[in-house]
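# Architecture at a glance
Now for the letters of each chain:
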Amino acid sequence: QVQLVESGGGLVQAGDSLRLSCAASGRASSTYAMAWFRQAPGKEREVVCAISWSGTRTYYGDSVKGRFTISRDNAKNTLYLQMNSLKPEDTAVYYCTVNPYWPTTMDAGMFRFWGQGTQVTVSS
C-alpha cells in the first residue's frame, strides 16, 4: 500500500502561482511513476502531468504545457506541482497518484493509488 497526502491548494487570482505537494509513504513509493490529475465539477478526471521514478521522463497535458512543472524529491518521498500563470479554467480538485510502472496511457484507470485531493480555485 502507498499513502498519499496532498497539500498546498487554495484560492488565488488569475495569473498567480501556486505549488502543490504530495507526501508519499508506504511500500516502494520512491520507485513509482507519479502523476497529478484534476477534476472540475461535472467533468471527468484528467491528467495534468506525470513523472517517472528517476525524474528523467515527464508528460504534460496540452492545457498546462509551459505553465506547470512537475518534479519530485525521492529522498523526501515528495511530489511537487509548480503552477504558474493560473487561469480560472485550472479550478479543480487536484489529486496525486502513483503507479508501479509508467502507464501505457494517461488514463485515471491506469493508476493504482490516490490521495484525497486538494482544492485549487482560481478567480478571474
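Described below are features of the structure shown in this document. (Residues numbered from 1 in each chain as written. Predicted model: local features only at pLDDT ≥ 70, side-chain atom pairs only at ≥ 80, totals over all residues. Heavy atoms only, no water.)

Moving on: the nonpolar core. The nonpolar side chains of a soluble globular protein tend to be buried with one another. Ranked by size, the top nonpolar core spans 29 residues in total, and within it Leu4, Met34, Trp36, Leu81, Met83 and Tyr94 carry the most contacts. Elements that contribute at least two residues to this core include exactly strand E1 (2–7), strand E3 (18–26), strand E4 (33–39), strand E5 (46–51), strand E7 (68–73), strand E8 (78–83), strand E9 (92–99) and strand E11 (118–123). Setting aside its immediate chain neighbours within four residues, methionine 83 contacts Asp16, Ser17, Leu18, Leu20, Arg67, Phe68, Tyr94 and Val120. In this structure, Ala35, Phe37, Ala50 and Phe111 belong to the second largest nonpolar core, which totals six residues. (Core = buried A, V, L, I, M, F, W, Y, C linked by side-chain atoms within 4.5 Å. Buried < 20%, exposed > 50% of the residue type's maximum accessible area, 1.4 Å probe, protein only. Helix = DSSP H or I, 4+ residues; strand = E, 2+ residues; numbered from the N terminus. Contact = heavy atoms within 4.5 Å.)

Moving on: the environment of serine 124. Secondary-structure assignment places serine 124 in the segment after E11. With relative accessibility at 88%, the residue serine 124 sits in the exposed group. The spatial distance from the C-alpha of serine 124 to the C-alpha of serine 85 is 12 Å, given a sequence separation of 39 residues. Setting aside anything within four residues of it in sequence, one finds serine 124 in contact with Ala14 and Pro88.

What follows deals with the side chain of serine 52. In this fold, serine 52 is placed in the loop between E5 and strand E6 (58–60). Among the polar contacts listed, one links the side chain of serine 52 to the backbone nitrogen of threonine 56, at a separation of 3.4 Å. Beyond its immediate chain neighbours, meaning those up to four positions away, serine 52 contacts Tyr32, Ala33, Arg57, Arg72 and Trp102. (Polar contact = N/O pair within 3.5 Å; in protein donor to acceptor, adjacent residues only side chain to side chain.)

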